[in-house]
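An overview of the molecular structure
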Amino acid sequence: MSVQQATARAGANIALVKYWGKRDQQLNLPAAGSISITLAGLETRTTVTPDPSLDADCFVLDDAEQPAGRVGAVLDLLREMAGEATSCRVESVNNFPTGAGLASSASGFAALVTAASQALGLELSEAKRSELARRGSGSAARSIFGGFVEMDAGQRDDGSDAVAHPLLVAEDWPLEVVVAVTDCGSKAVGSRDGMNHTMRTSPYYPAWVETVAGDLDLARRAIEARNFEVLAEVSEHSALKMHASMLAARPGLVYWNPATLACIHAVRDLRAAGTGVFFTVDAGPQVKAVCLPGEGERVAQALGKQKGVAKVMVTGLGPGALVVTGP
Ligand code: 2P0
């Protein structure tokens, strides 16, 4: 089997119906499904170079060497499929802040699986790449696809049906997304730890899991019908309900800062005044405002004025993970 260097890019994604909780830790299977949008402007670019002179995998993220950890574990799965043993050098660059609630693990593992499968000579379906990306990070399964994407919780014990699929390509409903960055540092509690802590200690966690299916149905139908008002209502509900489950953990997880709340109110004021916009907030303090086409700049100006907002970024919906150079 010939192995060669390959590079892939993948966009970050933002969940509208959130993923928070697992049904299996080992295979990283989600307790419920989720629905997301893949972004155009926030991306990871990853180069995988199989190198027989290496004793172990080497992972460099934004010019800093990191423990290979989950990156090595995902490479092991791909090497096993390819019948290869060669260690790899993995160089990854994000064009947005890492570890601050902007889903860098999603674009990161989607780009890794896409580049590494090409480098190892594997021809994998998008569904298979989604399954492998999920092993690295649950949200990464969604970044294999562009536009509007649904992740299935699946039922099989082996996780082969816990994969994402596309709902609508970006061009079919080109919403805009404003990211209001309220803190540039890394968050105190990572998603995986926060999720597991919520599962173990929050009395609201069972209610959260039970109600996701209804939210998925509503969001899926709103996307099919391009019904922004319904999508706005269910997305804000999902985000706030997820945070309610975290707040009720022991001790409670508070990811927000005062600027997060200021942006939430600003988005609601804009919508009350007729602007097509809704908010969502992940496991971090940044606020993402999803807007009807043409509203992004106006929303960015309003959020940029909020006290504590360090910067705003405006982007749109983008494609799925792609090889950008290869053999
Ligand atoms: C989401 N988040 O649906 C939710 C909302 C954060 C809040 O998916 O443990 O890093 O690696 O599967 O994918 C972040 O969780 O968790 C996440 P793991 P992941 O976007």
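Residues numbered from 1 in each chain as written. Predicted model: local features only at pLDDT ≥ 70, side-chain atom pairs only at ≥ 80, totals over all residues. Heavy atoms only, no water.

1. Some words on the site of the ligand
Selection criterion: Proximity criterion: a residue is near a molecule or strand once any of its heavy atoms comes within 4 Å of it. All accessibility values rest on the Shrake-Rupley procedure with a 1.4 Å probe; residue burial counts only the protein chains present in the view. Each helix is a run of DSSP H or I of at least 4 residues and each strand a run of E of at least 2, with the numbering of both proceeding from the N terminus. The classification used treats Ala, Val, Leu, Ile, Met, Phe, Trp, Tyr, Cys and Pro as nonpolar, Asp, Glu, Lys and Arg as charged, and all other residues, Gly among them, as polar.
Around the ligand, 18 residues are found, and the nearest of them are Tyr19, Lys22, Gly138, Ser139 and Arg192. If the ligand stood free it would expose 460 Å²; the protein chains cover 94% of that surface. Top element by residues in the shell around the ligand is helix H5 (residues 191-201). It accounts for 3 residues. Looking at the shell around the ligand residue by residue, the classes come out as 6 nonpolar, 6 polar and 6 charged.

2. A word on empty space enclosed by the protein
Heads up, the condition is: Both cavities and pockets are sets of points on a 1 Å grid over the protein atoms alone; in a cavity a 1.4 Å probe fits but cannot get out, in a pocket the set is open with protein on both sides within 12 Å along at least five of seven lines, and lining residues sit with an atom within 4 Å of a point. Grid points are joined across faces, edges and corners, and a volume is the space filled by probe spheres set on the points.
Tallying each qualifying case throughout the model produces 1 cavity of 30 Å³ or more. Lining the largest cavity are Lys18, Tyr19, Trp20, Gly21, Ala31, Ala32, Tyr205, Trp208 and Val209. Residue composition of the lining of the largest cavity, by class: 7 nonpolar, 1 polar and 1 charged.

3. A closer look at the domain arrangement of the chain
To keep it simple, the criterion reads: Each domain's extent was defined by an automatic or database domain assignment. When checking whether two residues touch, look at their non-hydrogen atoms; a contact exists if any pair is within 4.5 Å. A simple way to read buried area is as the amount of 1.4 Å-probe accessible surface that goes missing from two parts once joined, with both sides added. For this analysis, a salt bridge means a side-chain nitrogen from Lys or Arg found within 4 Å of a carboxyl oxygen belonging to Asp or Glu. Any N or O atom pair separated by 3.5 Å or less is treated as a polar contact, with the protein-specific requirement of one donor-capable and one acceptor-capable atom, and with residues adjacent in sequence counted only for side-chain atom pairs.
Along its sequence, the chain is carved into domain 1 (6-169 + 319-324) and domain 2 (176-316). Put simply, the middle of domain 1 and the middle of domain 2, counted by C-alpha atoms, are 23 Å apart. Between domain 1 and domain 2, the residue contacts involve 34 residues of the former and 44 residues of the latter. Three residues stand out in domain 1 for area buried against domain 2, namely Leu16, Lys18 and Trp20, and they jointly supply 28% of the buried area on that side. The interface formed by domain 1 and domain 2 contains 2 salt bridges. Taken together, domain 1 and domain 2 are joined by 10 residue pairs in polar contact (both at pLDDT 80 or more). Looking at the side of domain 1 that touches domain 2, the elements that each hand over two or more residues are strand S1 (6-17), strand S4 (34-50), strand S8 (148-151) and strand S9 (164-168). No other element matches the 8 residues that S4 contributes to the side of domain 1 that touches domain 2.

4. Things to note about the pattern of salt bridges
Pairing between side chains of opposite charge can happen when the charged atoms of each approach one another. Condition: Burial classes: relative accessible area under 20% of the type maximum marks a residue as buried, over 50% as exposed, and values in between as partly exposed (1.4 Å probe, protein chains only).
For the structure shown, the criterion picks out 14 salt bridges. A salt bridge links Asp76 to Arg79, with the shortest nitrogen-to-oxygen separation between them at 2.8 Å. In this pair, Asp76 and Arg79 are both assigned in helix H1 (residues 69-82), 3 residues apart and thus about one turn of the helix distant. Note on Asp76: relative accessible area 43%, which makes it partly exposed. Note that Glu295 is salt-bridged to Arg298, the shortest N-O span being 2.6 Å. Judged by relative accessible area, Arg298 falls into the partly exposed class, the value being 47%. Through salt bridges that share partners, Arg9, Glu43 and Arg45 make up one connected network.

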